[in-house]
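# A structural walkthrough
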Amino acid sequence: MSTLREPTDLRVLIRFAAAGDDAVAEAISRLGPARVAATLVDELVSRADLGEVGPLPGPVTVRFDLDFGGRTLAHSVSFEEGRVRYGHACPEGIRPVLVELDLVALARAVFGGSLAPHALCRRIDWGDVDDPREFAVGVAAAPVVQRLLRGAAGEPARLDELALANGSDKWGPHFYTPIYERHFAPLREQELTIVELGIGGYAIPGSGGGSLRMWKRHFPRALVYGVDMFDKSAAAEQRVFPIQGDLSDPDFVGSLPERLGPLDIVIDDGSHACADVILAFNALFPALRPGGLYVIEDLQTSYWPSYGGNATNLHDASTSMGFLKQLLDGLNHEEHDAAGSSRPTRFDTTLVGAHFYHNVAVLEKGRNADGPMPRFVRQRPVIRVDRREVPA
């Protein structure tokens, strides 16, 4: 099944899906209706959680007939024993369940979300109910069809459930998903570029990538990049792009902003070595768009000497926490007594918020230049008067 795989093509479809019908139709024509149709069906499958469907009496095949300009684009999906196959035919003599959708409306529903109001009409042909065999196929297909179509409804799934379903450790042994729910909720339906440092699974072939799949599902309009020193090409799928490289190499880390473009969310779950954490932050935080978020996980290594940490001098700027603590005074750089005597750093003027949790920091990018407090606000302490000593 030929889908849109290049980030630039996917970005075009995602961007225009939030526009009007004419703009969406133009984008589909430019990208190729057949490729767009295949891409949308693949996206529905990735959101369907078909592995949670109970035991089925046999294979279930659903055929999508997608209309575009009077042309019907057909794509079949077969589900059997937890496996999904595309273009697989039903048993001889049995028609698949037919789902008829308009391709433009489906694109708006899948990648436009609530940002693109749409009217998605779903016509389903369950087969001949008077034929016992076809009736049985229709009954068996019902939960599969429901889950496939749910992917066009834009309903968010809880991050802890997504972590468990995709094998991410962000909900056990770590419990980071509530933090992410709190900070990521306003960004969920935006067009995003997300980068996670560290894909997981170490050098084991085919392992890791659970968090990347979780982010893909949670952010329906995002492109998700994962960076790891090991070959994690097996984790690649639609909207998920693994990159191999050494996160302790300044040249490689420094090349990522130009390679990936402006970033919206960065999650550092890489080596956790303090030097690597600081190197990545210096390179990638400036590449965040205003309103972007930078997350550093597993800050416990700031106190572990084997990771370059220091449990004795808690202000050691060569540790991750010591480095971050130095940034905090910059939030108030315009109020320093020596204001004007030194130039603010690039972090002083762009870090607008910092949130610290157990082993996690979330930092907000923006414009920190509101100006100091006005001069009429006294800097001298207010003299308190004991009312008992004031004459009546």
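As shown above, the structure is provided for reference.
So, here's what we can say about the structure. (Residues numbered from 1 in each chain as written. Predicted model: local features only at pLDDT ≥ 70, side-chain atom pairs only at ≥ 80, totals over all residues. Heavy atoms only, no water.)

## Comments concerning the nonpolar core
By size, the foremost hydrophobic cluster in this structure holds 78 residues, and its most contacted members are Phe64 and Tyr294. Counting residues per element, this core draws most heavily on helix α4 (residues 103-112), at eight residues. If near-sequence neighbours (up to four positions away) are discounted, Phe64 is found in contact with Val41, Leu44, Leu73, Ala74, His75, Val77, Val99, Leu101, Leu148 and Leu149. Of all hydrophobic cores here, the second largest spans 24 residues; its members include Tyr176, Tyr180, Ile199 and Ile265. (Core = buried A, V, L, I, M, F, W, Y, C linked by side-chain atoms within 4.5 Å. Buried < 20%, exposed > 50% of the residue type's maximum accessible area, 1.4 Å probe, protein only. Helix = DSSP H or I, 4+ residues; strand = E, 2+ residues; numbered from the N terminus. Contact = heavy atoms within 4.5 Å.)

## Topic: unusual backbone geometry
With an omega dihedral of 5 degrees, the bond running from Gly172 to Pro173 counts as a cis peptide bond. Not every positive phi belongs to a glycine, and Arg239 is a case in point at roughly 75 degrees. Here Arg239 is to be found in the loop between β7 (222-228) and β8 (240-244). Positive phi values are uncommon outside glycine, yet Asn359 reaches one of about 70 degrees. Along the chain, Asn359 turns up in the loop between β11 (351-357) and β12 (360-365).

## Details of helix α2 (residues 21-31)
All of the buried residues in α2 are Val24, Ala27, Ile28 and Leu31. Along the axis of α2, the buried residues cluster in a sector spanning 100 degrees; they form a single face. In α2, those exposed residues whose orientation departs by more than 90 degrees from the buried face are Asp22, Glu26 and Arg30. Check the buried side of α2 and you find it contacts α1 (7-17), α3 (33-47), β1 (60-68) and α4. Backbone geometry just downstream of α2 places Gly32 in the positive-phi region, at approximately 105 degrees. (Arc of directions from axis to C-beta.)

## Quick look at the packing of aromatic side chains
Scanning all chains against the criterion turns up 14 aromatic pairs. Aromatic pair Trp215 and Phe219: ring centres 6.2 Å apart, planes at 40 degrees, arrangement tilted. You can call Trp215 buried: its relative accessible area is 0%. Through a chain of ring-to-ring contacts, three or more aromatic side chains come together here, namely Phe281, Phe285, Tyr294, Phe323 and Phe347. Sitting over the face of the ring of Phe285, Lys365 holds its NZ or CZ atom 5.6 Å from the ring centroid. (Phe/Tyr/Trp six-rings, centres within 6.5 Å; stacked < 30°, edge-to-face > 60°. Lys NZ or Arg CZ within 6 Å of the ring centre and 35° of its normal.)

## A look at helix α6 (residues 159-166)
Turning to α6, its buried residues number three or more, namely Leu159, Asp160, Leu162, Ala163 and Asn166. On an axial view of α6, the arc spanned by its buried residues comes to 160 degrees, and they lie on one face. One or two positions beyond α6, positive phi appears at Gly167, with a value near 75 degrees.

## Description of the environment of Val53
Looking at where Val53 falls in the secondary structure, it is placed in the loop between α3 and β1. Since its relative accessible area comes to 13%, Val53 is described here as buried. For the pair Val53 and Phe68, spaced 15 residues apart in sequence, the C-alpha separation works out to 31 Å. When neighbours within four sequence positions are excluded, Val53 is seen to be in contact with Phe79, Pro143, Val144 and Arg147.

## What to know about the sheet that holds β1
Here five strands make up an open sheet; going across it, the order is β3-β2-β1-β4-β5 and the pairing mixed. The outermost strands of the open sheet, each flanked by one partner alone, are β3 (83-86) and β5 (123-125). Geometrically, the sheet is characterised by an average inter-axis angle of 20 degrees between neighbouring strands, direction not taken into account. Where β1 lies against strand β4 (residues 97-102), six bridges are found, and the strand directions are parallel. For Leu66, the partnering residue across the bridge sits in β4 and is Leu101. Across the sheet, α3 lies against β1, β2 (71-80) and β3, angled at about 30 degrees from β2, the strand it touches most. Packing of helix α5 (residues 132-150) onto the sheet brings it into contact with β1, β2, β4 and β5, and relative to β1 it is tilted by some 50 degrees. (Pairing = 2+ DSSP bridges. Axes fitted to C-alpha atoms, helices over the stretch in contact; angles between N-to-C directions.)

## Concerning the sheet that holds strand β6 (residues 192-197)
What the seven strands build is an open sheet, ordered β8-β7-β6-β9-β10-β12-β11; its pairing is mixed. Every interior strand has two partners, whereas the edge strands, β8 and β11, have only one. Strand-to-strand twist across the sheet, computed as the mean angle between neighbouring axes with direction ignored, equals 15 degrees. Relative to β12, β11 runs antiparallel, the two sharing six bridges. The residue of β12 that forms the bridge with Tyr357 is Val360. Sitting on the sheet, α1 touches β6, β7 and β8, and the angle it makes with β7 is about 150 degrees. Across the face of the sheet, helix α11 (residues 320-328) comes into contact with β10 (288-296), β11 and β12 while running at roughly 135 degrees to β11.

## Digging into the environment of Ala163
Within the fold, Ala163 resides in helix α6. For Ala163 and Trp215, which are 52 residues apart along the polypeptide, the C-alpha to C-alpha distance reads 9.2 Å. Aside from chain neighbours lying at most four places away, what touches Ala163 is Ser168, Trp171, Thr177 and Met214.

## Notes on empty space enclosed by the protein
This structure, assessed with the given rule, holds one cavity of 30 Å³ or more. The volume enclosed by the largest cavity comes to roughly 40 Å³. In this structure, the largest cavity is lined by Leu197, Leu247, Asp268, Gly270, Ser271, His272, Asp276, Val277 and Ala280. No other element matches the three residues that helix α10 (residues 274-284) contributes to the lining of the largest cavity. Residues belonging to the lining of the largest cavity are distributed by class as follows: four nonpolar, three polar and two charged. (1 Å grid on protein atoms, 1.4 Å probe; cavity = no way out; pocket = protein on both sides within 12 Å on 5 of 7 lines; lining within 4 Å. Points joined across faces, edges and corners; volume = space filled by probe spheres on them. Nonpolar A, V, L, I, M, F, W, Y, C, P; charged D, E, K, R; others polar.)

Read these as spatial facts, not as claims about activity.
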